[in-house]
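Residue strings, one per chain:
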Amino acid sequence: MKTNMLPEQPDAKSPAGADIRYLMDGPTGNMIHSTVPPHQINRATVHATVNEFWYILAGRGEIWRDDGFEHGVTVLVPGTAIDIPVGTVFQYRNVSDEDLKFICISMPPWPGDSEATFVDGKWQPTV
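The rules behind these values
- Residues numbered from 1 in each chain as written.
- Predicted model: local features only at pLDDT ≥ 70, side-chain atom pairs only at ≥ 80, totals over all residues.
- Heavy atoms only, no water.
- Core = buried A, V, L, I, M, F, W, Y, C linked by side-chain atoms within 4.5 Å.
- Buried < 20%, exposed > 50% of the residue type's maximum accessible area, 1.4 Å probe, protein only.
- Helix = DSSP H or I, 4+ residues; strand = E, 2+ residues; numbered from the N terminus.
- Contact = heavy atoms within 4.5 Å.
- 1 Å grid on protein atoms, 1.4 Å probe; cavity = no way out; pocket = protein on both sides within 12 Å on 5 of 7 lines; lining within 4 Å.
- Points joined across faces, edges and corners; volume = space filled by probe spheres on them.
- Phe/Tyr/Trp six-rings, centres within 6.5 Å; stacked < 30°, edge-to-face > 60°.
- Salt bridge = Lys/Arg side-chain N within 4 Å of Asp/Glu carboxyl O.

Draft legend 1. How the structure looks around the nonpolar core. If you look at the biggest cluster of nonpolar residues, it comprises 16 residues, and the most contacted ones within it are Trp54, Ile63, Leu76, Tyr92 and Phe102. Contributions of two or more residues to this core are made by strand E3 (30–36), strand E5 (51–58), strand E8 (81–84), strand E9 (89–94) and strand E10 (100–107). Take this core: its biggest share by element is 3 residues, from E10. What Ile63 contacts, discounting residues up to four positions off in sequence, is Trp54, Gly72, Val73, Thr74, Leu76, Ile82, Ile84, Phe90, Gln91, Tyr92 and Trp123. Among the nonpolar cores identified, the runner-up in size contains 5 residues, and Ile41, Val46, Val89 and Trp123 belong to it.

Draft legend 2. The arrangement of the layout of surface pockets in detail. The computed volume of the largest pocket comes to approximately 420 Å³. Lining the largest pocket are 29 residues, with Ser14, Ile20, Ile32, Glu52 and Trp110 positioned closest to its centre. Of all the secondary-structure elements, those providing two or more residues to the lining of the largest pocket are strand E1 (12–13), strand E2 (19–25), E3, strand E4 (45–47), E5, E9 and E10. With 5 residues, E2 is the largest single contributor of residues to the lining of the largest pocket. By volume, the second largest pocket is sized at about 160 Å³. In terms of lining residues, the second largest pocket is bounded by Arg65, Asp66, Asp67, Glu70, His71, Gly72, Asp83, Pro85 and Thr88.

Draft legend 3. Region of interest: the packing of aromatic side chains. Within the structure shown, the criterion is met by 5 aromatic pairs. Taking the centre distance of 6.3 Å and the plane angle of 10° together, the rings of Phe90 and Tyr92 count as stacked. There is no split in this pair, since Phe90 and Tyr92 are both buried. Three or more aromatic residues joined by ring pairs form one cluster here, namely Trp54, Phe90, Tyr92 and Phe102.

Draft legend 4. Main features of the pattern of salt bridges. Enumeration according to the criterion identifies 4 salt bridges in this entry. Across the pair Asp25 and Lys2 runs a salt bridge, and its minimum N-O distance is 2.7 Å. One end of the pair, Asp25, is in strand E2; the other, Lys2, is in the segment before E1, and 23 residues separate them in sequence. Between Asp83 and Arg65 there is a salt bridge, with its nearest N and O atoms 3.4 Å apart. Here Arg65 lies in strand E6 (residues 61–66) and Asp83 lies in strand E8, a separation of 18 residues in the sequence.

See below:
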């Protein structure tokens, strides 16, 4: 059994550009806390093998997702939960004056930054 506390400082940056703090890892997945600064637009990516679940904690943002069949923009506000199935192109941004914060669960565990491929997105990245 593991117990962890939220680190005060980021552990790394996601390939898309968010500050991330590692929370938990295990054989079937891992969990991070992500922070996107005000008005930052992250790079569009697609994952090769990983599915993600997000839960929004604070701030206001938008995510664009395209799985080849459906596409659209979802508003990200506290209490919103979304999925990003493997192979889905996505890009997200903070549209507020406060940090956008969310929990991200990756299944299977994140294998490393080579998992994400950069692609053309809906918005011009600022990172």
